[in-house]
Amino acid sequence: MAWASWTTPGVFSGRGGVDTDESGVVQGDLTVHTTWDGTEVDVTVQYTGTSDWFTLVGSPVRCPTEEHSRALHQAVVAAVRAGGGATLTGVAVGELGPTAPPARTLWPTRSARI
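Cut-offs applied
Residues numbered from 1 in each chain as written. Predicted model: local features only at pLDDT ≥ 70, side-chain atom pairs only at ≥ 80, totals over all residues. Heavy atoms only, no water. Helix = DSSP H or I, 4+ residues; strand = E, 2+ residues; numbered from the N terminus. Buried < 20%, exposed > 50% of the residue type's maximum accessible area, 1.4 Å probe, protein only. Contact = heavy atoms within 4.5 Å. Areas by Shrake-Rupley, 256 points an atom, 1.4 Å probe, with all protein chains shown as cover. Expected span 1.5 Å × (residues − 1). Polar contact = N/O pair within 3.5 Å; in protein donor to acceptor, adjacent residues only side chain to side chain. Core = buried A, V, L, I, M, F, W, Y, C linked by side-chain atoms within 4.5 Å. Phe/Tyr/Trp six-rings, centres within 6.5 Å; stacked < 30°, edge-to-face > 60°. Pairing = 2+ DSSP bridges.

Another point: the overall build of the protein chain. Looking only at helices and strands, the protein chain features 2 helices and 7 strands. When the elements of the protein chain are put in sequence order from the N terminus, they spell out β-β-β-β-β-β-β-α-α. When each of the 114 residues of the protein chain is scored for burial, the buried share is 44%. If you take every contact in the protein chain between residues at least 6 apart in sequence, the share linking residues at least 24 apart comes to 57%. Of the roughly 5600 Å² that the protein chain leaves accessible, carbon and sulfur atoms contribute 52%.

This is the structure:
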């Protein structure tokens, strides 16, 4: 079974942070973690240096390849930096490639959806 994961610490969220299932909006100095299990990705965030993880609203999402999961991770990091209550709602991962543009240009809505 294929799997991969990425972690990016020290991501400072833009105003409005990210929307999570467990805690609502979190913002500030965050760590973004993405895990791909071969068919879907789970995306979580935590306040950098703490132990509690929060699931991004819309996670998990189906994801066909490791390359797509890496592109999604980078798009999430960009969305966290943009803020605006970023979520994974409405993500079509197959449209992402290894050079996916920042989240706001993929799904321009009131909140930064990726």
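Over its 17 residues, helix 1 (residues 66-82) runs 24 Å from end to end, which matches the ideal 24 Å to within 8%, given 1.5 Å per residue. Residues H68, S69, A71, L72, H73, A75, V76, V77, A79 and V80 constitute the buried set of helix 1. Note on helix 1: the residue one or two positions beyond its end, G83, has a positive phi of about 75 degrees.

With that settled, consider the environment of T87. One can find T87 in the loop between helix 1 and helix 2 (103-106). Overall, the relative accessible area of 4% leaves T87 in the buried class. Once the C-alpha coordinates of T87 and T55 are considered, the two residues, 32 residues apart in sequence, prove to be 9.7 Å apart. At 3.2 Å, the side chain of T87 forms a polar contact with the backbone nitrogen of T89.

In this structure, V18, V32 and V76 are the most contacted members of the largest nonpolar core, which totals 22 residues. Counting only elements with at least two residues in this core, the list comes to strand 1 (4-12), strand 4 (29-36), strand 5 (40-47) and helix 1. Looking at this core, the element that brings in the most residues is helix 1, giving 5 residues. Once residues lying within four places of it in the same chain are set aside, the contact partners of V32 are W6, T7, T8, V11, V43, T44, V45, H73, V76, V77 and V80.

Attention shifts here to the packing of aromatic side chains. Within the structure shown, the criterion is met by 1 aromatic pair. Ring geometry for Y47 against F54: centres 6.4 Å apart, planes inclined by 80 degrees, an arrangement best described as edge-to-face. Classification of Y47 as partly exposed rests on a relative accessible area of 32%.

The next thing to look at is the pairing of strand 5. Both strand 4 and strand 5 contribute to a ladder of 7 bridges, which runs antiparallel. The residue of strand 5 that forms the bridge with W36 is V41. Counted between consecutive antiparallel strands, the loop separating strand 4 from strand 5 contains 3 residues, among which G38 sits at a positive phi close to 105 degrees. Pairing analysis gives 2 bridges linking strand 5 to strand 7 (residues 61-62), with the strands arranged antiparallel. The residue bridging E40 from the neighbouring strand is R62, located in strand 7. Bridge analysis of strand 5 against strand 6 (residues 54-55) gives 2 bridges, and the strand direction is antiparallel. Bridging from a neighbouring strand, T44 pairs with T55 of strand 6. In this antiparallel pair of consecutive strands, strand 5 and strand 6, the connection spans 6 residues, and G49 shows a positive phi of 90 degrees.

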